[in-house]
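# Fold and geometry: a report
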Amino acid sequence: MDDGIAIVEPIRDTRIELPGNVTNDFCYIDIGLHSPGIWGSGTENFLKFVLPRLQLQLVVIFTLTQSIHLLLRRFHLPRIVSEILAGIILGPTILGQFPDVQSTLFPQEGDVYLDLLSKIGYIFFIFLSGVKMDPRTVLRTGIKAWTIGVLSVTVPVTGGLIISILNQQKVHRYRWPAYKTIVGIQNLFPFPVIASMLVDLKIMNSELGRLALASALISDLVSNLTATIISYGRIGLMGFAKVLIMHSAFLTLGLILFILFVARPLCLWIIQRTPEGKPVSRFHIILMSVLVLVVVLLTDNVGLNYQYGPFLLGLAVPDGPPLGATLEDRLETLISGLLAPLLVTYCGMNVNLVELYDLKFIAVVWLILAICLAMKLAAIFIPAYFCKVPVKDAVALAFCMSAQGVVQMSFYYYNAVNQTFDGETFSMLTTSVLIQAAAANLVVKSMYDYSRMYTGYQKRDIQHTSPNSELRVLSCAHRVDDVLAAKKLLEASFPSKESPLAVYALHLVELAGRAHPQLIDHQLGQKSSGGTRTQKMIEVLFMFEQQYLGFVTVQQFTAMSLTKFMHHDICTVAFNKLASLILLPFHRKWNHQGKMILDSSSLRAINCDVLDMAPCSVAILVDRHKIRRNASSTYNVSVAFFGGTDDREALAYGRRMALSPGVHLTVVRFVPWDIYAGDSQWDAVLDAEILKDTRMQGAHQENIVYREERVKDGAETALLIHAMEEAFDLIMVGRRHKDDTPQLLGLSEWNDLPELGPVGDMLAAADLSTPVSVLVVQHQNVKAL
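Residues numbered from 1 in each chain as written. Predicted model: local features only at pLDDT ≥ 70, side-chain atom pairs only at ≥ 80, totals over all residues. Heavy atoms only, no water.

Applied cut-off: UniProt positions are given in the numbering used here, feature names are shortened, and annotations may be inferred rather than shown by experiment.
As recorded in an unreviewed UniProt entry, the protein chain goes by Cation/H+ exchanger domain-containing protein and comes from Rehmannia glutinosa. Check the Subcellular location (unreviewed entry) section of the UniProt entry for the protein chain; it says "Membrane". Annotation of the protein chain in UniProt includes, under Sequence similarities (unreviewed entry), the sentence "Belongs to the monovalent cation:proton antiporter 2 (CPA2) transporter (TC 2.A.37) family. CHX (TC 2.A.37.4) subfamily."

What follows is the structure, given as structure tokens:
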């Protein structure tokens, strides 16, 4: 189908008057766009109409892709494998063996629409990839990432040039353009592909993930710069080189100047017109989308690959809120979830593994791919090893940075359209992307285990921390309210000269409009871009440190990452700082009237992940301090003790609080009627030991009260717990208890929040308007050791 032919509905004729002396003849073109439907006239097959056929094609493509992905994801294979396999199934390799079906569902004249949709999707995908990248990160990157990033490009590029020079006379001249293009594409290190792989493997915030992202960012920029230099060098080897180089350089410079002096000022103008804390308006998003298409048009006319323009434009857009974050929020799902994967599937639909003729060159292609992959793996592994990266991690890093994905596929397809690659070569290259993507994921998954870093990490809890030694607490916060609640609890933890307190404050900010997670250390003078909210949280804890100067030390950090990976940041900081307790805010919030105003499922997921992975004890603070009661100089704390390791940890924290004269501690032990039921013999011994120490401490301190309550089952326990709500400012409970604990019999059946345990869940009920706060404590997780 030629460009410029008008497309109309079948009920109309399109008449194109021909120029010249043909004045009375017309060209009639009848192209069905919309089907008249089942009630329309005629019995023509609806698949002969463009729009319904395209809609059915999209349904078939995405249904097949998702079905394959559901089967393969349990084997930790990436989504791109499913997309390529779906394309191969729908292409000439399998569906092509049934010509009538393929010609009906995917006729050749309909390829133009899938091709157009896939290209538009990829254009915006590469634009969003540039938006998420922060080139300034390169300046803050350490020597290790610089070494790996630069050598991973220069060594394979040098090796590729040597191989090309040595084999130039051995390769047929008709195959030479394909040969050198394959070598060039293999030396790319696209940041979006590597970042996407780290997200799929859930290791973006790990030590390996951060090193891979930093190295990939450097590699991507260096490889693109190197490719540009090599392209100009090849032009220089031709005749009339100066004219070509000057012409190409002038047009490229003009494109860059347009982006710097037109597009970027426009982005800054949009940001200035957006109120703080508000998203960018819909009009401005449409304006940016039009600008992307304009840049693509300019890039194509300059003579560059069409994807370079949107990528450079994305780099010029300030990352993060408001513009970068809003662009990602509005476009990410449609582009990355729908349109960009269409390019991969469409490429797979052009793969023909049945009709292969030039087997000799096919063997050459696979040999080139193998040599280039070996050079890349060695160029990454060796520098990483000499930078003292563990061997397994260095291997995982090498495969991670050598992964291939949608960016390589776009280059392969671009060269296939330009006839640099024939059908056989393109089929082999697409198959190689499938194999390398699958192999890289499997190798990295098997070689790198994030949780093993906690091996041998023992006795990081409050029970084994002497009352006269420093207590290290990692306090996490999403909002200013979280900081104020944690401050009140820390004040009750008796910071003094004899019992100092080390607070590591981690302010958690959701990563928006960025691809590179950040862990900012404010002690090093690094500043956060989290806005005024983060600054207020920092100021609150700074004043707390000044209030207890000499007794409290506060170190503040800001973690900017995706919500589903925040638990990695929390556990990493806790591990590195040797914390004994992680303090987490509850995912529900109440206002002054006791009405619940926030119930965040994402924050709840973070807490659950930390409970599973934490290298030390964890406490979830259910804060109701806003529900004011009569002011009192005494902070009334109670520990509900049922027995077990978590209850002992809660009691140990309560005893430390009781060292403060402003805290009144009441320990309530719930005893079953059958004193021999419930806990194991060893647990009973440990419970008796800590309770004995508590009674002895109470004999010397008037602010400690110990009492026992006999209960038959969970119903009686619930009545007593509810009676305690009005009497105390804070109730501390353990999270986990044995299933056969008679005092809690029946409560587990009504447990809506397992992360709080049966007692904590009862005290954190959404409809509970009493002013009592709750601290649910979990002792150091044995599985993390």
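### Considerations on the pattern of salt bridges
Stated precisely, the cut-off is as follows: Each salt bridge in this description consists of a side-chain nitrogen of Lys or Arg and a carboxyl oxygen of Asp or Glu lying within 4 Å of one another. Exposure classes here rest on a 1.4 Å probe applied to the protein chains alone. A residue is buried below 20% of its type maximum, exposed above 50%, and partly exposed in between.
A complete count under the given rule lists 14 salt bridges for this structure. Between R479 and D481 there is a salt bridge whose closest N-O contact spans 3.3 Å. With relative accessibility at 16%, the residue D481 sits in the buried group. Several salt bridges share partner residues, and in doing so they unite R175, D358 and D422 into one network.

### Quick look at the state of the cysteines
Let me state the cut-off plainly: Note on terminology: disulfide denotes any pair of cysteine sulfur atoms within 2.5 Å.
According to the stated counting rule, one finds zero disulfides in the structure shown. The thiol of C476 is not disulfide-bonded; the next cysteine sulfur, from C571, is found 8.8 Å away. Relative accessible area serves as the criterion here: at 2%, C476 is assigned to the buried category.

### Remarks on the side chain of S432
Keep this limit in mind: Going along the chain from the N terminus, every DSSP run of H or I of four or more residues is numbered as a helix, and every run of E of two or more is numbered as a strand. Only heavy atoms enter the contact rule, under which two residues are in contact if any of them lie within 4.5 Å.
With respect to the helices and strands, the residue S432 is situated in helix α17 (residues 423-447). Using a relative accessible area of 1% as the deciding quantity, one classes S432 as buried. In this structure, S432 is in contact with W366 and L369, ignoring residues within four places of it in sequence.

### Notes on the environment of R655
Test applied: We define a polar contact as two N or O atoms separated by no more than 3.5 Å, with the added condition that, inside protein, one atom must be a possible hydrogen donor and the other a possible acceptor, whereas residues neighbouring each other in sequence contribute only through side-chain atom pairs.
By the secondary structure assignment, R655 is in helix α22 (residues 645-657). Classification of R655 by relative accessible area gives partly exposed; the value is 22%. For the pair formed by R655 and G698, sequence separation is 43 residues and the distance between their alpha carbons is 9.5 Å. With near-sequence residues (within four places) excluded, R655 lies in contact with L665, I690, D693, T694 and Q697. Looking at R655, its side chain comes within polar contact range of the side chain of Q697, at 2.9 Å.

### Overview of the pairing of strand β4 (residues 501-510)
To be explicit about the condition: A pair of strands counts as paired when DSSP detects no fewer than two bridges linking them. Note on handedness: a clockwise path from strand one over the helix to strand two, with the strands aimed away from the viewer, defines a right-handed crossover.
The element β4 is extensively covered by neighbouring structure, given that nine of its ten residues are classed as buried. Sheet topology note: the strand β3 (residues 471-477)/β4 ladder contains seven bridges and is parallel. If you follow L474 over to β4, its bridge partner there is Y504. Read from β3 through helix α18 (residues 480-491) to β4, the crossover connection turns out right-handed. Sheet topology note: the β4/strand β6 (residues 552-561) ladder contains ten bridges and is parallel. Paired with H507 across the strands is T558, a residue of β6.

### Observations regarding unusual backbone geometry
With phi around 60°, H76 is a residue other than glycine that occupies positive phi space. Mapped onto the fold, H76 is located in the loop between α1 (50-72) and α2 (79-90). Judged by relative accessible area, which is 40%, H76 ranks as partly exposed. Here F494, not a glycine, exhibits a phi torsion of approximately 60°, which is positive.

### As for the packing of helix α6 (residues 143-167) against helix α7 (residues 176-186)
We count it as follows: Every axis in this analysis is a line fitted to C-alpha atoms, fitted for helices over the stretch in contact. Angles between the N-to-C directions lie between 0 and 180 degrees. Angle categories: roughly parallel below 35 degrees, roughly antiparallel above 145, roughly perpendicular from 65 to 115, and oblique for all the rest. Helix crossings are classified by the rotation of the near helix relative to the far one: an anticlockwise turn of less than a right angle makes the crossing left-handed, while a clockwise turn makes it right-handed.
Direction vectors running N to C along α6 and α7 enclose 165°, while the axes themselves pass 10 Å from each other. Taken as axis vectors, α6 and α7 run roughly antiparallel relative to one another. Seen from above, α6 lies across α7 with right-handed handedness. On α7, the residues touching G160, I163, S164 and N167 of α6 are W176, Y179 and V183.

### Description of a nonpolar patch on the surface
Let me state the cut-off plainly: Residues enter patches when their relative accessible area tops 30% and they take part in no salt bridge; the joining distance is 9 Å for like charges and 5 Å for the nonpolar side chains Val, Leu, Ile, Met, Phe, Trp and Tyr. Method for areas: the Shrake-Rupley scheme with a 1.4 Å probe, in which residue coverage is limited to the protein chains shown.
A contiguous nonpolar surface patch, about 600 Å² in accessible area, is contributed by L253, I256, L257, L260, F261, V262 and L312. Position of L253 among the secondary structure elements: in helix α10 (residues 241-272). A relative accessible area of 46% places L253 in the partly exposed class.

### Comments concerning the packing of α7 against helix α16 (residues 406-417)
Put simply, the test is: By the convention adopted, Pro, Cys, Tyr, Trp, Phe, Met, Ile, Leu, Val and Ala count as nonpolar, Lys, Arg, Asp and Glu as charged, and the other residues, Gly among them, as polar.
The interhelical angle for the contact between α7 and α16, taken along N-to-C directions, is 165°, at an axis separation of 10 Å. By the angle class used here, α7 and α16 are roughly antiparallel. For the element pair α7 and α16, the recorded crossing hand is right-handed. For the pair formed by α7 and α16, the contact residues are T181, I185 and Q186 on the first element and Q408, F411, Y412 and N415 on the second. Looking at the contact of α7 with α16 residue by residue, the class counts come to three nonpolar, four polar and no charged.

### Details of the packing of aromatic side chains
So the rule is basically this: When the centres of two rings from Phe, Tyr and Trp lie within 6.5 Å, Trp using its six-membered ring, the rings pair. Their planes under 30 degrees apart give stacked, over 60 give edge-to-face, and anything left gives tilted. Note on criteria: charge over ring means Lys NZ or Arg CZ within 6 Å of the ring centre, with the direction from the centre no more than 35 degrees off the ring normal.
With the rule as written, the count across this model stands at ten aromatic pairs. Residues W176 and Y179 carry aromatic rings whose centres are separated by 5.4 Å and whose planes lie at 15° to one another, so their mutual orientation is stacked. Placement of both W176 and Y179 in helix α7 is noted, with a separation of three residues, approximately one turn of the helix. Neither residue differs from the other here; W176 and Y179 are each classed as buried. In textbook terms, an aromatic cluster arises when at least three aromatic residues are bridged by ring pairs, as seen for Y346, Y413 and F426. Here K376 stacks its cationic end above the ring of F189, 4.7 Å away from the centre of that ring. For R695, the ring lying beneath its charged end belongs to Y706, and the centroid distance is 5.2 Å.

### Details of α18
Basically, it comes down to this: Expected span of a helix, by definition, is 1.5 Å for each gap between consecutive residues, and there is one gap fewer than residues.
Relative to the 16 Å expected for twelve residues at 1.5 Å per residue, α18 spans 17 Å between its end C-alpha atoms, a close match to the ideal helical length. Buried within α18 we find D481, D482, V483, A485, A486, L489 and L490.

### Regarding the sheet that holds strand β11 (residues 635-641)
If you walk across this open sheet you meet the eleven strands as β5-β6-β4-β3-β7-β10-β15-β14-β11-β12-β13, and the pairing is mixed. Of all the strands in the sheet, the pair left with one neighbour each is β5 (518-521) and β13 (704-711). Recorded for the sheet is a direction-independent mean angle of 20° between the axes of neighbouring strands. In the sheet, strand β10 (residues 617-622) pairs with strand β15 (residues 773-778) via five bridges, with the strands oriented antiparallel. The residue bridging L621 from the neighbouring strand is L775, located in β15. Contacting β3, β4, β7 (581-585), β10, β11, β14 (730-734) and β15, α18 runs over the sheet at an angle of about 160° to β3. Helix α20 (residues 566-576) contacts β3, β4, β5, β6 and β7 of the sheet and is inclined by roughly 160° relative to β4.

### A few points about the nonpolar core
In globular proteins that are soluble, nonpolar side chains generally tend to be buried together. For the record, the criterion: What is meant by a nonpolar core is a set of buried Ala, Val, Leu, Ile, Met, Phe, Trp, Tyr and Cys residues, joined one to another through side-chain atoms within 4.5 Å.
Residues F127, M288, L327 and L397 are the most contacted members of the largest nonpolar core, which totals 127 residues. No other element matches the twelve residues that helix α13 (residues 323-349) contributes to this core. Not counting residues within four places of it along the chain, the set of residues in contact with L327 comprises F127, L128, V131, I285, M288, V317 and E332.

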